[in-house]
Amino acid sequence: MPINLGLLHSLEVVERVVAEYEAGRAPLNSVEGLVRQLIGWRDWVWHLYWHLGPDYTDSNNFLDARTPVPEDWWRPDSSAVAAACLSDALDQVAQTGWTHHILRLMVLGNHALQRGYDPAELTAWFRDAFVDGTAWVMPANVVGMSQFADGGVVATKPYASGGAYIQKMSDYCGSCRFDPKKRLGDDACPFTAGYWAFLDRVEPRIRGNHRMAQPLAGLRRLADREQVVAQERARDAY
């Protein structure tokens, strides 16, 4: 947050963590990831903010996502959410105004993408809910990378995944009432089923994206495609 507000120069942080590595007090993989984030991705997003212009957020909705961000996000209420990963992510936002990158992109963002949350409203939510959510940070990260609302200006494909990815990257699934391996039934994971329902909804718009050719081929082979789509359209709990 102090960096995003201009109170701390990113190079000060880079020089400090590199010194910690050279002194043997920080592992290379951690230092490399932080340095790349600060002088690579973060700098790129800063320039994108000015390059893409002031109308970027409001003028991009490539996937025609119109669902309002729910009230239990604006007033984060983890008790209203059954999925363990999403519940914990919202709880972290409520308690600290911050979550890890994976929770931002592949839990909160992934869920919003699958459920078709309005990208401009979602950008406002990320900006207001996160302590590091300054105005220049969120447009490219949310509209472009997370929601693919610009149709491929920032990212080359939608960042959507099923529950298997969340199971691989976390320990949430073991204590969750939903099964990441199931897409139908009362215990069907809303991310797993939601992934296929999302592909069904946006297929006409992403059919020409060669990076989505394999997932869309899998969708066309899905024997229970209609049942999954109907289930997710009617789902009132996640």
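Residues numbered from 1 in each chain as written. Predicted model: local features only at pLDDT ≥ 70, side-chain atom pairs only at ≥ 80, totals over all residues. Heavy atoms only, no water.

## Re the overall build of the protein
Right, on to step 1. Broken down by element type, the protein carries 11 helices and 0 strands.
Right, on to step 2. Moving toward the C terminus, one meets the helices and strands of the protein in the order α-α-α-α-α-α-α-α-α-α-α.
Right, on to step 3. The dimensions of the protein, computed from C-alpha atoms along their principal axes, are 55 × 40 × 35 Å.
Right, on to step 4. The burial tally for the protein puts 49% of its 238 residues in the buried class.
Right, on to step 5. Look at the contacts in the protein between residues 6 or more apart in sequence, and 65% of them connect residues 24 or more apart.
Right, on to step 6. Accessible surface computed for the protein: about 12,500 Å², of which carbon and sulfur atoms make up 53%.
Right, on to step 7. Between the averaged position of the 24 positive side-chain charges in the protein and that of its 29 negative side-chain charges there is a distance of 7 Å. (Helix = DSSP H or I, 4+ residues; strand = E, 2+ residues; numbered from the N terminus. Buried < 20%, exposed > 50% of the residue type's maximum accessible area, 1.4 Å probe, protein only. Contact = heavy atoms within 4.5 Å. Areas by Shrake-Rupley, 256 points an atom, 1.4 Å probe, with all protein chains shown as cover. Lys, Arg positive; Asp, Glu negative; His and termini not counted. Charge placed at Lys NZ, Arg CZ, Asp CG, Glu CD.)

## Points about the layout of surface pockets
Right, on to step 1. If you add up the space inside the largest pocket, you get close to 1,000 Å³.
Right, on to step 2. Around the largest pocket sit 28 residues that line it, and Gln37, Trp41, His101, Arg104 and Asp132 are the ones nearest its centre.
Right, on to step 3. For the lining of the largest pocket, the elements supplying multiple residues, two or more each, are helix H2 (28-52), helix H5 (101-115) and helix H7 (138-146).
Right, on to step 4. Top element by residues in the lining of the largest pocket is H2. It accounts for 8 residues. (1 Å grid on protein atoms, 1.4 Å probe; cavity = no way out; pocket = protein on both sides within 12 Å on 5 of 7 lines; lining within 4 Å. Points joined across faces, edges and corners; volume = space filled by probe spheres on them.)

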